[in-house]
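# Examination of the molecular architecture
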Amino acid sequence: MDRKDIDKSLKWDTEKIYKTDDDFYRDVEEVKNLIEKTKTYKGRILESADSLYDFLKTDEKLERKFSKLGVYASLKSDEDTRVAKYQEMTKIADNLFASLAQELSFITPEILSEDYKKVQTYIEEKDELKIYEHYFEDLFRNKDHTLGENEEKIIASFSKLSQNPQNTYMIFSNADLKFPKVKKAMKKFK
């Protein structure tokens, strides 16, 4: 039985993520736009409590949209790794991740360049920031182990490259390839 012939009730219901593949491609464009919007916060994330909150909401929307893209592409690709269309979707999601990581590598170093007390002041000033308090505690707790913007950008630039061996392995190991039977021939030695 071919994978496309498997009963629908036994497959992932990807329509709960996107009704059609076109919806996936629309969100790809939206994620690209959100990356650009997030980049506009560079140098002004901690300008005020309002700018911090606006940045966090934009970043949160970006992360959610991107996660949705990644899950959909991965599930569709895993349905049948021989279908090139869904392998391409996975590549699109991987490329978006690499772009996102590289373009937005300034965020953590920028936040950590300020004193934690400034963030605490903003949290006290704006109630909507209270839900992010634990996030900032963790972020600042790891401050000594975080690289600067340039170093983070260099590491982020390798994310796509580092995924290639695993992606290649997964495609071939999960494909429904049929290999011929090998018969072992015994050679007699004198």
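Residues numbered from 1 in each chain as written. Predicted model: local features only at pLDDT ≥ 70, side-chain atom pairs only at ≥ 80, totals over all residues. Heavy atoms only, no water.

Scanning the protein chain for helices and strands turns up eight helices and zero strands. N-terminal to C-terminal, the α/β element order of the protein chain is α-α-α-α-α-α-α-α. Evaluated residue by residue, the protein chain yields a buried proportion of 34% over its 190 residues. Considering only contacts within the protein chain whose residues lie at least 6 apart along the sequence, 78% involve residues at least 24 apart. Only carbon and sulfur atoms are counted for the fraction: they give 53% of the accessible area of the protein chain, which is about 13,100 Å². (Helix = DSSP H or I, 4+ residues; strand = E, 2+ residues; numbered from the N terminus. Buried < 20%, exposed > 50% of the residue type's maximum accessible area, 1.4 Å probe, protein only. Contact = heavy atoms within 4.5 Å. Areas by Shrake-Rupley, 256 points an atom, 1.4 Å probe, with all protein chains shown as cover.)

Here we take up the environment of Lys 118. As for its placement among the helices and strands, Lys 118 is situated in helix H5 (residues 116-125). Sequence separation between Lys 118 and Leu 46 is 72 residues, and the spatial gap between their C-alpha atoms is 8.2 Å.

Between side chains of opposite charge, a pair can form as their charged atoms come close. Counted by the stated rule, this structure contains 17 salt bridges. Glu 60 is paired through a salt bridge with Lys 57; the nearest N and O atoms lie 3.3 Å apart. Of the two residues, Glu 60 and Lys 57 are both situated in helix H2 (residues 49-79); the distance of three residues between them amounts to about one turn of the helix. Residue class for Glu 60 comes out partly exposed when judged on its relative accessible area of 24%. Residue class for Lys 57 comes out partly exposed when judged on its relative accessible area of 34%. (Salt bridge = Lys/Arg side-chain N within 4 Å of Asp/Glu carboxyl O.)

This model, assessed by the stated rule, comprises eight aromatic pairs. Each ring, one from Tyr 18 and one from Tyr 72, has its centre 5.1 Å from the other, and the planes form 85 degrees; the classification is edge-to-face. Here Tyr 18 is found in the segment before helix H1 (21-39), whereas its partner Tyr 72 is found in helix H2, with 54 residues between them in sequence. Considered together, Tyr 18 and Tyr 72 belong to a single accessibility category, that of buried residues. Aromatic rings pair up to connect Tyr 18, Phe 24, Tyr 25 and Tyr 72 into one cluster. (Phe/Tyr/Trp six-rings, centres within 6.5 Å; stacked < 30°, edge-to-face > 60°.)

What follows deals with the nonpolar core. The biggest cluster of nonpolar side chains holds 38 residues, and the ones touching the most others in it are Phe 24, Ile 45, Leu 52, Ile 111, Leu 129 and Phe 136. At the level of elements, H1, H2, helix H3 (84-103), helix H4 (107-112), H5 and helix H6 (133-141) are the ones that each hand at least two residues to this core. The dominant element in this core, judged by the number of residues it contributes, is H2, at 10 residues. Discounting chain neighbours no more than four positions away, the residues touching Ile 45 are Ser 51, Leu 52, Phe 55, Phe 106, Ile 107, Glu 110 and Ile 111. (Core = buried A, V, L, I, M, F, W, Y, C linked by side-chain atoms within 4.5 Å.)

Turning our attention to H1. Here H1 is 19 residues long and its end C-alpha atoms lie 28 Å apart, about the 27 Å a rise of 1.5 Å per residue gives. Considered for burial, the residues of H1 that qualify are Asp 21, Phe 24, Asp 27, Val 28, Val 31, Leu 34, Ile 35 and Thr 38. The arc that holds every buried residue of H1, seen down its axis, measures 130 degrees, which confines them to one face. Across from the buried face of H1, at angles greater than 90 degrees, the exposed residues are Asp 22, Arg 26 and Asn 33. Where H1 is buried, its residues meet H2, H3 and H4. (Expected span 1.5 Å × (residues − 1). Arc of directions from axis to C-beta.)

What follows concerns the side chain of Lys 126. Within the fold, Lys 126 resides in the loop between H5 and H6. Look past the residues within four positions of Lys 126 in its chain and what remains in contact with it is Ala 49, Asp 50 and Tyr 53.

Closest axis-to-axis distance for the H5/H6 pair is 11 Å, and the angle between their directions is 180 degrees. Classed by the angle they form, the pair H5 and H6 counts as roughly antiparallel. Facing Tyr 116, Val 119 and Ile 123 of H5, the residues of H6 in contact are Glu 133, Phe 136, Glu 137 and Phe 140. Tallied by class, the residues present in the contact of H5 with H6 amount to five nonpolar, no polar and two charged. (Axes fitted to C-alpha atoms, helices over the stretch in contact; angles between N-to-C directions. Parallel < 35°, antiparallel > 145°, perpendicular 65-115°, else oblique. Nonpolar A, V, L, I, M, F, W, Y, C, P; charged D, E, K, R; others polar.)

Just distances and angles here, no functional claims.
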